[in-house]
Amino acid sequence: MSARCLHPPCLSAFFFLLSLGAGLPTQLAGQEPVPSAASRADSLQVLVLDRLRTSPEPEAEADSLAASEDSIAGPSVEVGGVAAAVRVPAELPADADSLMGVLARLQGFTSASYRGVRADVFAEDRRLVLQGSEERRATFSGDGYLLEADSSLTYSDREQRVRTSGPTDFTPLQGEPVRTERLVYDLREERGTATNARTTYDEGARWIVQGNLDSLESGLIFGSSARFTSCDLEEPHSYFEASQLKVLNNRVLVARSVRMYVDDVPVLWLPFIAQNLERDRASGLLTPVFSMNDIVRTSSGYKRRLSNLGFYWAMSDYSDLSIAVDWYADNYTALQTGVNYAWNRQFLRGSLSLKHYWGVSGRRELGLNTSNDWRPTERITVRAGASFISSSEFVIQNSLDPREISQTVDSDVSLSQRLDWGNLTIGASRRQYLNEDRTEFTLPSASFSLSTLTLLGAPPQTARWYNNIGVNGSANWSRRIEDRTPDPEADFSFNRTSRIRTQGSARGGVNLGDLSLQGDLRASESVFQDVPGEFFPTGEGPLGDFRSGDLDWSASLSYRLRLIGTTTLSPNFSFDGTMLRVDSIPEAQNFVQSPVRARVGLSLQSDIYGFYPGFRGFEAVRHKLTPGFTWSYAPEVQPTELQERVFGGGFSRVQNVFGVSLNQTWEAKVEEESLRVPETAPAADLVPGDPAQEDSALALEEGVEPPVQEVLDSDDDGPSRLPPSRVVTLLALNTSALTYDRIQADSTGRFVDGFTTTTLSNTISSDYLAGLSLSFSHSLFDDSERLEEGGSRRFAPHLSTVNLGFGLNHRSGVVTALRRFLGLPEATAAPEPTPETVSEDEDPEALGPEDGREGFDSNRVIPGDGGEVDEPRRREGWDASIQYSLQRPRETATASAERFQTVSAQFSFAPSQNWTVDWRTSYNVEDRSFNDHIVRLRRDLHEWDASMSFRQTVTGNWSFQFEISLRANQDLRFDFDQRSVEGQNRGL
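Residues numbered from 1 in each chain as written. Predicted model: local features only at pLDDT ≥ 70, side-chain atom pairs only at ≥ 80, totals over all residues. Heavy atoms only, no water.

**A word on the overall build of the protein**
Phase 1 of the analysis: Within the protein, the secondary structure is distributed over 9 helices and 52 strands.
Phase 2 of the analysis: For the protein, buried positions account for 35% of its 988 residues.
Phase 3 of the analysis: In the protein, once contacts between residues fewer than 6 apart in sequence are set aside, the share between residues at least 24 apart is 51%.
Phase 4 of the analysis: Summed over all atoms, the accessible surface of the protein reaches about 57,700 Å², with 54% contributed by carbon and sulfur. (Helix = DSSP H or I, 4+ residues; strand = E, 2+ residues; numbered from the N terminus. Buried < 20%, exposed > 50% of the residue type's maximum accessible area, 1.4 Å probe, protein only. Contact = heavy atoms within 4.5 Å. Areas by Shrake-Rupley, 256 points an atom, 1.4 Å probe, with all protein chains shown as cover.)

This is how it looks when you write it as structure tokens:
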């Protein structure tokens, strides 16, 4: 049974209606039989109309459509002889009648609903008892809350209280639902008491609270002997038990005399605990970071450290401020400040971090990191990022992050303007090398690229030979300052001194079909500082600035002639010249121009294919050879005496240069999985004239299985088409060009002297090894004896450099192919993460919780972003990558070459569902020693996260950290940290 009423409170009106005979169809004890339904309705209508006449009319807003007929107007009621439209409030039940709608408009009345198996009404006590069952619970809803009980629900109008028995669910207007065994609720005070209650809070983190709630009211809960946990299991792994608990406005949970249990074993006592239940940022104290051995030292040589001691201020939804202190015993005290901001109307976002160090010896250092992004218009973008540290030595001595020591400290600012006819970029940058005393400034730098302009444009069908002329161009200019600290004990070298280099270039071209006209201009000037006088023409004098510069230009005209297939022949004609100045030549201290040289040349390129049968999932294999041949001829020029002294005698001779290049690719056609044409397909679905479908229909008629086809981009009722074949690259080998000058060989009479290319480079790649990057180069000739009298060049290939990058995971192509070959099951792809949905009233540009109170990375010296992510990651399978680098200069009789050979590796895997392991290291092959390590083991403990990590830098600094933290409250954590920065004497 069910009933509805309106009450101010609701149940008072319910008893008022009962006294009029308009209640539940239940006879009251000790009363006469109720009158008929018609008489009840008449008497009730009279009382309602009298009440309406004496009550003030409800205020209504002005209706701009008063003259129009309202199609959704409520029922009309005669009030004083005037028909007034009464709207039924949206909160009324769906089957509410017109009378209830009229009463709902009166001041002080609200709607309520009662449901149950049976209702007992005691008029003398003004008490209502609703009986319920497991199938149909006793339910009361009204005033924005819902009350459901399995056994019974009792309302006393005199006491204005509601009591329940049996399992009860109470859902308030604000807050989380509460499930309890017994509930007493006072309607006057809007406060209740629940026994053995259970409720949850999902704001920010999911907390489950269980216990006796002594006071339960809107926005405030008091509890005693309460238990709360973030573990959602029936028997939680761990929980907190508090003598007293308070939840305020669903924003904060505070408890005191808190005991922590792990499997019912007490392990910790806290005088109080405070848990923020909000997702938004909130001002407050930062959680200090310290380990257990910072409280009780395990050794006398251990130096205590306390960091992240400060305050966080959420100034607004678009800005915040953090201030924290970092204290390191017998080393330094630091103060760090961080600011984040977002100005959405100006499309401006950014952050700034400053950290000031006070050393125990009185030394002061400053670190800075900032990042800013501004888009004043749709076409203008301004970016500014800066990192700074006052001393590289300070970072090397104190950093515990191996990546920080090996990186550079970069700062840059740029302005990009997108125009209708091109793009313009202006900027400046600064780079500071931590492993050497070297700083580079680029101030300023500018680049411009012209969008391709089409002159005399016309459609291809009607275009003439002079239509669709393409014009393109670009230009750039930069000034770089390289600042180095000179080493007075080392011999002078131009590569190790400070210098200022200014360079610029401009190029442009006009294309008319296969005809191309190109122009190029390049200029550069270098000023070397503090150069000894012996490098100047005078051969003596104090240190000074040494200048050198050059200017090159060229203009070329080429035409591409298509021959057979992909074979193309391109004749070209060009002019080029150069200007040079250098302080070491007295005649060239001002720019000297070389003779203008004319060149004529040809280039030929083609593709040669070889086809082979397929194997294991490949339909066919194709070997593609792309040879290229070039020829260039420049006649002899007549230089002046000055030009011959500056540019040398060999510059003016005849040049007859041949070049050859060869690239190879092995490709394969993959067998795709197919969809068969259903045998029950009706003939009406066949497309007339389609040979494939006609063959399939004929095969069906003859009882032969139709050919296999694959359906691509087809609807249920639409036609289908066969997909293109999938071709993959098994192996690609690209080789650099090799050039040979026949005239130069004739001048010396030795064949090997004609090679102008002294280094040959190769690059290898593959689609099945997407993470592979392999390149190596060979020095072809030994020129150590060439400068000696009677010496000559000797052909002696020497492996000079190797760079190998290799990455694999459990879903790589080569691993998948190996699994198929061995008959092993294929790895399943991990599900893609689902992006979080942003509500309509949530500003996506506002600062989120992750932008502020995450604290500072104590392993790094330079403030700001760049530390590793500490959040545990669920990983399936494994990932591995290897980087190998080899630099092997050729040794000569007069100079020894220093080899450089390192291996860097990174390996991540999940040995089980809850364990993840990450390992990163680098190894110096020449010294046979490891440079650095980062090893991290993570364990998912359901509602807890455990992490163990070990770091060692190239300088010898190391740290071991063990941390276990509650996922629902990262501030509740237990740390053990052991570190040492005593290895700064170890060289880089």
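**Side note on the packing of aromatic side chains**
Remark: the centre distance and the inter-plane angle together describe each pair of aromatic rings, the angle taken between the planes.
Phase 1 of the analysis: Going through the model one piece at a time under the given rule, you end up with 25 aromatic pairs.
Phase 2 of the analysis: Seen in terms of ring centroids, Phe170 and Tyr185 are 5.3 Å apart; in terms of plane orientation they differ by 35°. Their pairing is tilted. On the criterion of sequence distance, the pair formed by Phe170 in strand β11 (residues 168–171) and Tyr185 in strand β13 (residues 182–186) is long-range, its members being 15 residues apart.
Phase 3 of the analysis: Classification of Phe170 by relative accessible area gives buried; the value is 5%. (Phe/Tyr/Trp six-rings, centres within 6.5 Å; stacked < 30°, edge-to-face > 60°.)

**Section: the pairing of strand β40 (residues 655–670)**
Moving residue by residue along a regular strand, the side chains alternate between the two faces of the sheet.
Phase 1 of the analysis: Pairing between strand β39 (residues 618–634) and β40: 16 bridges, direction antiparallel. Within β40, the position partnered with Arg622 by the bridge is Glu667.
Phase 2 of the analysis: In terms of strand pairing, β40 meets strand β41 (residues 726–735) through 8 bridges, oriented antiparallel. Bridge pairing links Gln664 to Leu733 in β41. (Pairing = 2+ DSSP bridges.)

**Details of the pattern of salt bridges**
Phase 1 of the analysis: Under the defined criterion, the tally for this structure stands at 44 salt bridges.
Phase 2 of the analysis: Between Arg938 and Asp918 there is a salt bridge whose closest N-O contact spans 2.6 Å. With Arg938 in strand β49 (residues 929–941) and Asp918 in strand β48 (residues 915–924), the pair connects residues that are 20 residues apart, well separated along the chain.
Phase 3 of the analysis: Taking relative accessible area as the criterion, Asp918 reaches 12% and is therefore assigned buried.
Phase 4 of the analysis: One network of salt bridges, with partners in common, ties together Arg438, Glu440, Glu482, Arg484 and Arg499. (Salt bridge = Lys/Arg side-chain N within 4 Å of Asp/Glu carboxyl O.)

**Quick word on the nonpolar core**
Phase 1 of the analysis: Counting 45 residues, the largest nonpolar core has Trp207, Phe228, Phe240 and Val258 as its most contacted members.
Phase 2 of the analysis: Not counting residues within four places of it along the chain, the set of residues in contact with Trp207 comprises Thr199, Thr200, Tyr201, Phe228, Thr229, Ser230, Phe240, Gln275, Leu277, Leu966, Ala968 and Asn969. (Core = buried A, V, L, I, M, F, W, Y, C linked by side-chain atoms within 4.5 Å.)

**As for the environment of Gln131**
Phase 1 of the analysis: Position of Gln131 relative to the elements: it lies in strand β6 (residues 127–131).
Phase 2 of the analysis: Classification of Gln131 by relative accessible area gives partly exposed; the value is 27%.
Phase 3 of the analysis: Sequence-wise, Gln131 and Ser165 are 34 residues apart; in three dimensions their C-alpha atoms are separated by 9.9 Å.

**Thoughts on a negative patch on the surface**
Phase 1 of the analysis: Together, Glu234, Glu235, Asp263 and Asp264 make up a region of like negative charge exposed at the surface.
Phase 2 of the analysis: Relative to the assigned elements, Glu234 resides in the loop between β16 (220–229) and β17 (238–248).
Phase 3 of the analysis: A relative accessible area of 75% places Glu234 in the exposed class. (Patch = residues over 30% accessible without salt bridge, like charges linked within 9 Å, V, L, I, M, F, W, Y side chains within 5 Å. Lys, Arg positive; Asp, Glu negative; His and termini not counted. Charge placed at Lys NZ, Arg CZ, Asp CG, Glu CD.)

**Thoughts on the pairing of strand β26 (residues 380–389)**
Phase 1 of the analysis: Judged from the 8 bridges that link them, strand β25 (residues 364–374) and β26 form a sheet pairing that is antiparallel. In the sheet register, Asp373 faces β26, and the bridge partner there is Arg383.
Phase 2 of the analysis: The turn linking β25 back onto β26 is made up of 5 residues.
Phase 3 of the analysis: The pairing of β26 with strand β27 (residues 408–419) spans 6 bridges and is classified as antiparallel. Note on β27: the bridge partner recorded for Ile380 is Gln417.

**Let's talk about the side chain of Ser392**
Phase 1 of the analysis: Relative to the assigned elements, Ser392 resides in helix α4 (residues 392–398).
Phase 2 of the analysis: In terms of polar contacts, Ser392 uses its side chain to reach the side chain of Gln432, at 3.1 Å.
Phase 3 of the analysis: Residues contacting Ser392, with those up to four places away along its chain left out, are Gln432, Tyr433 and Leu434. (Polar contact = N/O pair within 3.5 Å; in protein donor to acceptor, adjacent residues only side chain to side chain.)

**Observations concerning the side chain of Ser353**
Phase 1 of the analysis: On the secondary structure map, Ser353 appears in strand β24 (residues 348–359).
Phase 2 of the analysis: Setting aside residues no more than four positions away along its own chain, Ser353 makes contact with Gln336, Thr337, Gly338, Gly367, Leu368, Asn369, Pro863 and Gly864.

**Thoughts on a nonpolar patch on the surface**
Phase 1 of the analysis: On the surface, Val510, Leu515, Leu517, Leu557, Tyr559, Leu561, Leu563, Ile564, Leu604, Phe629 and Val660 cluster together into a nonpolar patch covering about 940 Å² of accessible area.
Phase 2 of the analysis: Those elements that provide at least two residues to the nonpolar patch are β32 (515–531) and β33 (544–559).
Phase 3 of the analysis: Relative to the helices and strands, Phe629 is located in strand β39.
Phase 4 of the analysis: The partly exposed category is assigned to Phe629, whose relative accessible area is 44%.

**Re the environment of Arg305**
Phase 1 of the analysis: Structurally, the position occupied by Arg305 is in strand β21 (residues 305–316).
Phase 2 of the analysis: Looking at Arg305, the relative accessible area reads 6%, which means it is buried.
Phase 3 of the analysis: In this structure the C-alpha to C-alpha distance between Arg305 and Ala329, which are 24 residues apart in sequence, comes to 6.2 Å.
Phase 4 of the analysis: The contacts of Arg305, once residues within four sequence positions are left out, are Val289, Phe290, Asp294, Asp326, Trp327, Tyr328, Tyr332, Ser858 and Arg979.
Phase 5 of the analysis: A distance of 2.8 Å separates polar atoms of two side chains, one belonging to Arg305 and the other to Asp326.
Phase 6 of the analysis: Reaching out from Arg305, the side chain makes a polar contact with the side chain of Tyr332 at a distance of 3.1 Å.

**Comments concerning unusual backbone geometry**
Phase 1 of the analysis: That bond from Leu443 to Pro444 is cis: its omega, -10°, falls within 30 degrees of zero.
Phase 2 of the analysis: On the secondary structure map, Pro444 appears in strand β29 (residues 438–455).
Phase 3 of the analysis: The phi dihedral of Ser257 is positive, around 55°, even though this residue is not glycine.
Phase 4 of the analysis: Take Ser257: it is sitting in strand β18 (residues 252–262).
Phase 5 of the analysis: The phi dihedral of Asn308 is positive, around 60°, even though this residue is not glycine.
Phase 6 of the analysis: Position of Asn308 among the secondary structure elements: in strand β21.
Phase 7 of the analysis: A relative accessible area of 9% means that Asn308 is categorised as buried.

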